[in-house]
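Spelled out, the chains give:
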Amino acid sequence: MLLEVFLVLGTLLLYFLFSKKKEETLPFKDGWWGRGQKPVTKEDSSIRPFKVETTEEELSDLFRRLDQARFTEPLENSCFHYGMNSVHLRKVVSYWKNQFNWKKQVEVLNKYPQFKTKIQGIDIHFVHVKPPRLPEGRAAKPLLMVHGWPGSFYEFYKIIPLLTDPASHGLGDEHIFEVICPSIPGYGFSEAPHKKDFNSVSAASVLYELMLRLGFNEFYTQGGDWGWLICTNLAQIAPNHVKGLHLNMVSVSKLGLPQLLSVLLGRYFPGLFGFQGEDVRRMFPFLKKGLYRILSESGYAHIQATKPDTVGCGLNDSPVGLAAYILEKFSSWTDMEFHNLEDGGLERKFSLDDLLTNIMIYWVSGCIVSSMRFYKENLQKGIGTQKHEKLTVQVPTGIASFPNEILHIPQAWAKKKYTNIVSFHFMPRGGHFAAFEEPELLAKDILQFVDKVEKEQLWKKKGE
Amino acid sequence: MWREILPNAWENILSQIRSFEYSQKNAVLVPAAALGVGGMLVYWLRSGRRMETIDMGDGWWGSGERYFKGKEDASIRPFKIETSDKEIEDLHRRLDQFRFTPHVEGAAFQYGFNSSYLRKVVDYWRNQFDWHKQVEVLNKYPHFHTTIEGIDIHFIHVKPSYVPHGRAVRPLLLVHGWPGSFYEFYKIIPLLTEPAKHGLNEGDVVFEVICPSIPGYGFSEAPHQKEFDSIATARIFHKLMNRLGFKEYYIQGGDWGSRITTNMAQMLPQSVKGLHLNLVFIGRQSLRRLICIMLGAYVPWLVGFTREDARRFYPFMQKNIYDVLQESGYLHIQATKPDTAGCGLNDSPVGLAAYILEKFSTWTDKSFRHRDDGGLESKYSLDELLTNVMIYWVTSSIVSSMRYYKENFSKDPDLTAHDRVGVHVPTGIAAFPQEIVHVPRVWAKDVYKNIISYTYMPRGGHFAAFEEPKLLAQDIMQFVQKVEQL
């Protein structure tokens, strides 16, 4: 009798030890997002070079609107507590009209090669930068970097050289990348979907097709804001193609009893919940840094997730309104304390030229409404209800946790979803727009992450 | 040690009492009882007379420091709305240069205001809407301005042109909300000042109607200082009525008007003969209930629901909560970042129209979300809708109107009358079927302690006075009749 029991137990043990865990993947989401019916003929899959252009007419139209802007005086002593302060906004508009040189900025945008290609019925815009020099016998590692809202591919312009040519910037040259920065469909120069339901999984599927079309079988992905979610979905759709996933923002939607308890007691028993000292410093007092912050900063997400066509309407007609709406985020999401400054601290971390170039991308492409629809397509059924939110990520993951990110998610929570966290670092400074604000810090973290993944993979290959 | 002494002590006292002879017992018990009853009587008498009210306080909303010397200019100055060719040309230019974004296929009004229908509205606005004519319509009632607490308060004051023999004229203050204006009352005013002429014959009362613009809305100056909330508004409106010579008056409101008039009733109940509402804000109790309902979906045992309760409640309640979340995005952003949200709308009249008219669609009938034209013209004319939008446009008041959300929510997220302070004045509630959230009488009673009439209206939504003026007028009149007979 005992022999049978041992045999059974032994078999079970062997089974568990040797069977590969069945990794659940997210299915690839095919779709057709063009106008009308999908044509019978095969889609044109050519990759066409693209250059940003502007015209005199476009500029004079912009200036006319800036001239006729109607401002509302702020309340006395309100700084940025009521949103964008219109006294400061006037200064920004004056700079925009008189000193900002859009033609020059267009040349800046065009310094990296850009392309367009049709995928699933819509034109996808992307920047593709290859390393300027590659040592003998070395290959560049493809890296897909995905932006968010209210950002754009332009956010990566300062970090791209650090990744394609690290040696020239004082970073080791063990890993050299060729960088692909697409515009999410509905953002910037990518065509907006004409059909409903284009969510993060759709975007991930489109970008996956893009990488395959460019001939990449294995690549790294990096993202924050929506880029975080799209890259995560991509890692869930095609784990065998994504060598590594690097994120500068993480969010979790499955907040159950353990998380609730850790919020209530984590301050007093951090070790019990896997919190590190820095986690406690960033998360507590929870009401102020968690709940209150979410409530006071998420109005835009709430209205964009429910009525994007309404809220975007005026912003596509008033460049000043658009600037106010977008700049407010570059203020509070860079440092929450900037609320208390009359100028919102905008120029402490960014130049007006950079900020306005990002805004101009939304303006000249007329994409603000479609950019907002992405919120509805992703959030309308509620948070935590979609299939991909329930699946985990097995791909090697690196997380750069910036101190001024809107919400801090500790590693203890992140690893419930990201089961293979290879690196998790508390960054010394920086906020939500990491690539834009602290390109060097982010580049270093990406490099050390890729280094770990490469060594680990090499190690794995040796072991087999 | 204590555990042993206490029961013993108690036993001792009891046995001592039991050991008293009757007369001694009485000697102790009777005075004790007398004191007790007397005390309770005194307390009850005093509490009945001590009516809870909100402290009136005071305020200053003008720019800079308040002048301390001299009294404020209390004159009431007649006012006429004016427009100019320049203003209209500027508007037309902006309408012409509007940049449309095509909507996704099959969107109707589910993503917000449908841009195809918006094109039609803009076309009408540009080519057929006659602002000069509408200004004359607005000026048909007498307008005034008066300075209170440092800012100019705009109001219209309509007296009955003819008072039939034996009828009393009662003052009635009507307060609008967001995104409405004093103009919402233009159809109901004649029904209240001259009911007989319009086929209404509700008893002995006709009204003289006062419709102010909330400071920061329309032609009332916007406060320059922070923290201008509904209590400040209530106080200013009391001062206004006082300045007009009224000691006792009726008040009516929906949307913000409901909260302001409620605060007015709590502040000076002796001046408010009756309070009529077409919207009741969910009371704090009900908020608790709502939270219980929400939590109950995940942890029913925690809020005292049985499994069966949970099973029965949930699809229905979740739908309600989903609906509220669907419609409250504007409230969330206005309560946190009003200056940002309103900026573009003060610069793009089409953006302003889309933002405002979306509410006139969904808050009139929830099913309008599924219509390509939002059902707007099934209940209102484009002239009326655009006139209301123009009031926000020509006065540049959209940002200050939005700030009101922040000022009120920051203080009291529940938006109730102070719970400690109920509302004791006679109250009438007209519950319209398409109102955003339905508040049953049993929940309203938590705050409104003296509900004289609660009517389930047969049709109509949030903008009751604008959409169903006759129904609302009838309900106001039957309510006032009841109050007059008290």
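Residues numbered from 1 in each chain as written. Chains lettered and ligands numbered in written order. Predicted model: local features only at pLDDT ≥ 70, side-chain atom pairs only at ≥ 80, totals over all residues. Heavy atoms only, no water.

**Focus on the overall build of chain A**
- Along the backbone of chain A there are 20 helices and nine strands.
- The C-alpha atoms of chain A give a radius of gyration of 23 Å, which matches the 23 Å a tight globule of 464 residues would have.
- Dimensions of chain A, computed from C-alpha atoms along their principal axes, come out at roughly 90 × 60 × 50 Å.
- When contacts within chain A are restricted to residue pairs at least 6 apart in sequence, long-range pairs at least 24 apart make up 80% of them.
- For chain A, the exposed surface amounts to about 19800 Å²; the carbon and sulfur share of it is 58%.
- Of the charged side chains in chain A, 55 are positive and 51 negative, and the gap between their average positions amounts to 4 Å. (Helix = DSSP H or I, 4+ residues; strand = E, 2+ residues; numbered from the N terminus. Rg over C-alpha atoms; globule rule 2.2 N^0.38 Å. Contact = heavy atoms within 4.5 Å. Areas by Shrake-Rupley, 256 points an atom, 1.4 Å probe, with all protein chains shown as cover. Lys, Arg positive; Asp, Glu negative; His and termini not counted. Charge placed at Lys NZ, Arg CZ, Asp CG, Glu CD.)

**Some remarks on the environment of Phe 216 of chain A**
All names here are of chain A.
- Relative to the elements of secondary structure, Phe 216 occurs in the loop between α6 (200-213) and β6 (219-223).
- With relative accessibility at 10%, the residue Phe 216 sits in the buried group.
- Between the alpha carbons of Phe 216 and Lys 141 there is a distance of 9.5 Å; along the sequence they are 75 residues apart.
- Setting aside residues up to four positions removed in sequence, Phe 216 forms contacts with His 128, Pro 142, Glu 178, Ile 180 and Met 211. (Buried < 20%, exposed > 50% of the residue type's maximum accessible area, 1.4 Å probe, protein only.)

**Topic: the packing of helix α7 (residues 226-237) of chain A against helix α16 (residues 368-379) of chain A**
Residue and element names in this part refer to chain A.
- In contact at an axis separation of 12 Å, α7 and α16 are set at 50° when each is read in the N-to-C sense. In this view, α7 runs oblique relative to α16, as classed from their interaxial angle. α16 is crossed by α7, and the crossing has left-handed handedness. Mapping the contact onto sequence places Trp 226, Leu 229 and Ile 230 in α7 and Phe 374, Tyr 375 and Asn 378 in α16. (Axes fitted to C-alpha atoms, helices over the stretch in contact; angles between N-to-C directions. Parallel < 35°, antiparallel > 145°, perpendicular 65-115°, else oblique. Left-handed = near helix turned anticlockwise from the far one by under 90°.)

**Some thoughts on the interface of chain B and chain A**
- Every contact between the two is made by 57 residues of chain B and, on the other side, 59 residues of chain A.
- Between chain B and chain A, roughly 5200 Å² of surface is buried when both sides are summed, and carbon and sulfur atoms account for 47% of that area.
- At the junction of chain B with chain A, the criterion picks out five salt bridges.
- When the shortest N-O distance is used, the salt bridge between Glu 328 of chain A and Lys 337 of chain B registers 3.9 Å.
- Our enumeration of links across chain B and chain A arrives at 39 residue pairs in polar contact (both at pLDDT 80 or more).
- Sorting the residues of the side of chain B that touches chain A by element identifies α3 (85-96), α10 (307-327), α11 (329-336), α12 (338-343), α13 (349-362) and α16 (398-411) of chain B as the ones contributing at least two each. (Buried area = accessible area lost by both parts, 1.4 Å probe. Salt bridge = Lys/Arg side-chain N within 4 Å of Asp/Glu carboxyl O. Polar contact = N/O pair within 3.5 Å; in protein donor to acceptor, adjacent residues only side chain to side chain.)

**A short note on helix α8 (residues 257-265) of chain A**
Residues and elements named next belong to chain A.
- Regarding α8, the residues found buried are Gln 259, Ser 262 and Val 263. For α8, the buried positions fall inside an angular range of 100° around the axis, keeping them on one side. Exposed side chains of α8 directed beyond 90 degrees from the buried face belong to Leu 257 and Leu 264.
- Buried-residue contacts for α8 involve α10 (286-297) and α18 (411-417). (Arc of directions from axis to C-beta.)

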